[in-house]
Amino acid sequence: MRNRLLLLFFPFMAAYLIFLILPIVRILTFNSFSFLVGDASSGILASIYYTYLIALAVAVISVLLALPYSFVMARRNSVPYRIADSLVEIPIMIPSTVVGIMILITFAPQMPVGSAIARIFPGYTFQDSLFAVIITLLFVSSAYSIRIVGVSYRQEILRYEEEAMTLGISDSKSFLLLSVPMLIKPMARGIVLSWARAISAVGSLLIVAYYIFPSFTQLAGVFIYSQFLGGGLPDAAASSSILIITGIIAMAILRAMGGRNAAVY
Amino acid sequence: MQLSIRGLKYRRGSFALSVEHLDLPSGKHFIMGPNGSGKTTLLKNVCGILRPDSGSILLDGVPSEDRKSWERHVAYIPQDLLLFPGMSVEKNLMFPVRHAGGSLEIFHDMVKSMGLEDILQRRADQISGGQAQRVAVARAVISAPSLLLMDEPLSMQDQSARIWILSRLDDLMKKYSFSIIYVTHDQSDLDFGYDSVTFMDAGHITESVTSLSQLQEASSVAMLHYGNMVRINGNYYLASDESIGFSDSGGYGYRWWKSPDYSVLLASIGGEEYFIKTSRTPDGKYLVLNSGLLKPLRHESMQQEDKNSSRPVQRDMM
């Protein structure tokens, strides 16, 4: 029976994997290697560097926010808290360009929140700033960290903390000495996912930060989009290939670091 | 520690725990009941993992329902033990010493008495189930509780290993002055003596008995069966029809009840009371145990202790 099911399901599994792999293979083989080398001087490498760096910063901020968020939510089960918790997933379903518009009409200096910030920080600008990029990417990518850390904490780790408390250890000590080390692995997973989501954001960045002033840097997704509009498919495909290759390497490094950090004791 | 509960109510989803009145003085108390009867929920309310919706939990007369769990001195051992994964056994045991009011003296004592010397440096998630249960009990005792809640932590043990831990627990309870509330499905655990047995069903306490005569009259008695375990000079034996005799001149004091198929003896041996079931009808004033025909209960750690002990099994009970 089990083998029959295996035979039945295998083609679906294989078809799905081919569906995933085929476009990746296609873009990696679309241009010649020499064309890729030539495209490396187009500015894509610098763009990728800044993109990864900013995405990593955003992912780390997401995970740091996930810790206190999970701590509170794991201890509150009333309806208002459950409603608030369900809001976390909303950014995932909102189209990226809509996110850009939402962020812009919230944080631009002439808007309510933006004007409040401008009163505290005179000369505050939002559009095309690094701050705008970070806020926007945080909005679209933080849900992944929040969910991974929150679910791990609530379903796997909290009971160890509760056990420690019955041994006389205070809640803050139990959380810091027991739960936080146990959360390293889910935090690493959260960083990888939030980082990957932040890198893939384009539509929202087109609205809030086409360039990042004053360096005129474009994040990778925007850079490739502008290449596609200006230089056509070959240039955009070549830069995409470089982004994918470096992305696979970077993700492997992040995963390896997460695996090592999981063994904390 | 004395536990008193008044009007405790706790509801989550379709399950409701309701304990109108429960008084458990210092000592060893058992809670029994079918799955889903609220035993674990009651223990979690007592130790502070769960907060009751209403009612009072008095620990030594002090209202504690609003006290933090780490302020109650009530240690809890769950069925899945919850040893801290990734830490060594030693770090698990030392955790309440380093970060709370645990006792280093008890740590040394527990490591020795529970036979944990050889596994101290091993990771807690890489030891056997039986070893993990000993570590969990040791860690709870090291935290110096006034009340120890045990939620079937030994249910996965084979009988002799469970007896080995339970017998030490009794000694530790006296040595370090804590009380025990022990949830169990295994009626033979009662053979180790008890101060009360509380029966629960559907979130309520149905009965609470404190003596054998009450137990005989309790409607929940059908939940019990009688093991034939006896403890003599620190070692455990199974009594059988062949090893049991009766005499009018000397032996152990006992009481007995006749059921349609067998007799139940309540025998007082070495100051502790045991249930012994036999097909024989008592025909003498005293119970006599033939040590040569008693079946010793063995465990690797018990054997180790036997090597260190020169005390023989009593021969004068013949």
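Cut-offs and rules
- Residues numbered from 1 in each chain as written.
- Chains lettered and ligands numbered in written order.
- Predicted model: local features only at pLDDT ≥ 70, side-chain atom pairs only at ≥ 80, totals over all residues.
- Helix = DSSP H or I, 4+ residues; strand = E, 2+ residues; numbered from the N terminus.
- Buried ≥ 20, exposed ≤ 12 C-beta atoms within 10 Å, placed from the backbone.
- Contact = placed C-beta atoms within 7 Å.
- pLDDT = per-residue confidence, 0-100.
- Pairing = 2+ DSSP bridges.
- Axes fitted to C-alpha atoms, helices over the stretch in contact; angles between N-to-C directions.
- Parallel < 35°, antiparallel > 145°, perpendicular 65-115°, else oblique.
- Left-handed = near helix turned anticlockwise from the far one by under 90°.
- Nonpolar A, V, L, I, M, F, W, Y, C, P; charged D, E, K, R; others polar.
- Core = buried A, V, L, I, M, F, W, Y, C linked by C-beta atoms within 7 Å.
- Domains from an automatic or database assignment.

### What about the overall build of chain A?
Then, in step 1: From N to C terminus, chain A includes twelve helices and zero strands.
Then, in step 2: Mapped in sequence order, the helices and strands of chain A form the string α-α-α-α-α-α-α-α-α-α-α-α.
Then, in step 3: Taken along its principal axes, the extent of the C-alpha atoms in chain A is 70 × 65 × 35 Å.
Then, in step 4: Per-residue burial for chain A yields a buried fraction of 35% across its 265 residues.
Then, in step 5: Within chain A, contacts between residues separated by at least 24 positions form 79% of all contacts whose residues are at least 6 apart in sequence.

### A closer look at the overall build of chain B
Then, in step 1: Regarding its fold elements, chain B presents seven helices and 18 strands.
Then, in step 2: Counting every position in chain B, which comprises 318 residues, the buried fraction comes to 41%.
Then, in step 3: For chain B, restricting intrachain contacts to residue pairs at least 6 apart in sequence, the fraction spanning at least 24 positions comes to 71%.

### Looking at the confidence of the model for chain A
Then, in step 1: Considering every residue of chain A, the mean pLDDT works out to 90; 96% of them sit at 70 or more.
Then, in step 2: Confidence over residues 261-265 of chain A falls short of pLDDT 50; this stretch has 13 contacts with residues more than four positions distant or in other chains.

### Digging into the environment of Phe9 of chain A
Then, in step 1: Residue position: Phe9 of chain A is located in helix H1 (residues 2-28).
Then, in step 2: With 234 residues separating them along the chain, Phe9 of chain A and Leu243 of chain A place their C-alpha atoms 33 Å apart.

### Quick look at the sheet that holds strand S10 (residues 204-209) of chain B
Residue and element names in this part refer to chain B.
Then, in step 1: Ordered by their spatial adjacency, six strands build an open sheet running S6-S7-S8-S3-S9-S10, and the pairing between neighbours is mixed. Of all strands in the sheet, those bounded by a partner on one side alone are strand S6 (74-77) and S10. Across the sheet, the axes of successive neighbouring strands diverge by a mean angle of 20 degrees, strand direction being ignored.
Then, in step 2: Bridging between S6 and strand S7 (residues 147-151) involves four bridges; their strand directions are parallel. Of the residues in S7, the one forming a bridge with Val74 is Leu147.
Then, in step 3: Sitting on the sheet, helix H1 (residues 39-47) touches strand S3 (28-32), S6, S7, strand S8 (179-183) and strand S9 (196-201), and the angle it makes with S7 is about 155 degrees.

### As for the sheet that holds strand S5 (residues 62-63) of chain B
Residues and elements named next belong to chain B.
Then, in step 1: Read across the sheet, four strands follow the order S2-S1-S4-S5 without closing on themselves; strand pairing throughout is antiparallel. Strand pairing shows two members of the sheet lacking a second neighbour, strand S2 (15-24) and S5, which therefore form its edges.
Then, in step 2: One ladder, built from nine bridges, connects strand S1 (residues 3-12) with S2; its direction is antiparallel. For Arg6, the partnering residue across the bridge sits in S2 and is His21.

### Some thoughts on the packing of helix H2 (residues 89-99) of chain B against helix H4 (residues 129-142) of chain B
All names here are of chain B.
Then, in step 1: Axis separation between H2 and H4 bottoms out at 8 Å; the angle between their running directions is 20 degrees. The angle between the axes of H2 and H4 places the two elements in the roughly parallel class. For the crossing formed where H2 meets H4, the hand is right-handed. Of the residues in H4, those touching H2 at Val89, Asn92, Leu93, Pro96 and Val97 are Val135, Ala138, Arg139 and Ile142.
Then, in step 2: When its residues are assigned to classes, the contact of H2 with H4 shows seven nonpolar, one polar and one charged.

### Topic: the nonpolar core
Then, in step 1: Counting residues in hydrophobic clusters, the biggest one holds 143 residues, and the most contacted among them are Ala55 and Leu137 of chain A together with Ile77, Val135, Val137, Ala138 and Leu149 of chain B.
Then, in step 2: Looking at this core, the element that brings in the most residues is helix H8 (residues 130-166) of chain A, giving 15 residues.
Then, in step 3: Each of domain 1 (3-223) and domain 2 (229-308) of chain B gives at least three residues to this core.
Then, in step 4: Excluding residues within four positions of it along the chain, Ala55 of chain A makes contact with Leu137, Trp195, Ala198 and Ile199 of chain A.

### Observations regarding the packing of helix H6 (residues 96-107) of chain A against H8 of chain A
Residue and element names in this part refer to chain A.
Then, in step 1: Across the interface, H6 lies against H8 with an axial gap of 10 Å and an inter-helix angle of 130 degrees. When the axis of H6 is compared with that of H8, the two are oblique. In the crossing of H6 with H8, the sense of the turn from one axis to the other is right-handed. Taken together, the residues of H8 that come into contact with H6 (itself represented by Ser96, Val99, Gly100, Ile103 and Phe107) are Ala132, Ile135, Thr136, Phe139 and Val140.
Then, in step 2: Of the residues that constitute the contact of H6 with H8, the class distribution is seven nonpolar, three polar and no charged.

### So, the pairing of strand S4 (residues 54-59) of chain B
Residues and elements named next belong to chain B.
Then, in step 1: Sheet topology places S1 next to S4; five bridges connect them, and they run antiparallel. Bridged to Leu3 within S4 is Leu59.
Then, in step 2: Pairing geometry for S4 and S5, over two bridges, is antiparallel. Paired with Leu58 across the strands is Pro63, a residue of S5.
Then, in step 3: In this structure, the hairpin formed by S4 and S5 is closed by a connection of two residues, where Asp60 is found at a positive phi of approximately 50 degrees.

### What to know about unusual backbone geometry
Then, in step 1: Even without being glycine, Asp128 of chain A reaches a positive phi, approximately 65 degrees.
Then, in step 2: Take Asp128 of chain A: it is sitting in the loop between helix H7 (112-120) and H8.
Then, in step 3: Backbone geometry at His73 of chain B places phi at a positive 60 degrees, although glycine is not the residue there.

### Some details on the environment of Val79 of chain A
All names here are of chain A.
Then, in step 1: Tracing the sequence through the fold places Val79 in helix H4 (residues 79-86).
Then, in step 2: The exposure class assigned to Val79 is exposed, which follows from the 7 C-beta atoms found within 10 Å.
Then, in step 3: Spatially, the C-alpha atoms of Val79 and Met257 are 38 Å apart, while their sequence positions differ by 178 residues.

### Focus on H1 of chain B
Residues and elements named next belong to chain B.
Then, in step 1: With nine of its nine residues buried, H1 lies for the most part within the structure.
Then, in step 2: When H1 is considered as a whole, its buried residues turn out to be Lys39, Thr40, Thr41, Leu42, Leu43, Lys44, Asn45, Val46 and Cys47.
Then, in step 3: One or two residues past the end of H1 sits Gly48, with phi positive at roughly 100 degrees.

### Points about the confidence of the model for chain B
Residue and element names in this part refer to chain B.
Then, in step 1: The predicted model of chain B has a mean per-residue pLDDT of 82, with 84% of residues at 70 or higher.
Then, in step 2: Throughout residues 221-226 the model reports pLDDT below 50, and contacts reaching past four residues in sequence, or to other chains, amount to twelve contacts.
Then, in step 3: Contacts from residues 298-318, a stretch scored under 50 in pLDDT, to residues over four places away or in other chains number 26 contacts.
Then, in step 4: Confidence metrics for the complex model read pTM 0.75 and ipTM 0.74.

### Thoughts on the environment of Gln218 of chain A
Residues and elements named next belong to chain A.
Then, in step 1: One can find Gln218 in the loop between helix H10 (203-208) and helix H11 (220-231).
Then, in step 2: Considering only alpha carbons, one finds Gln218 and Pro11, 207 residues apart in sequence, at a separation of 42 Å.
Then, in step 3: Residues within four places of Gln218 in sequence aside, it is in contact with Ser47, Tyr211, Phe223 and Ser226.

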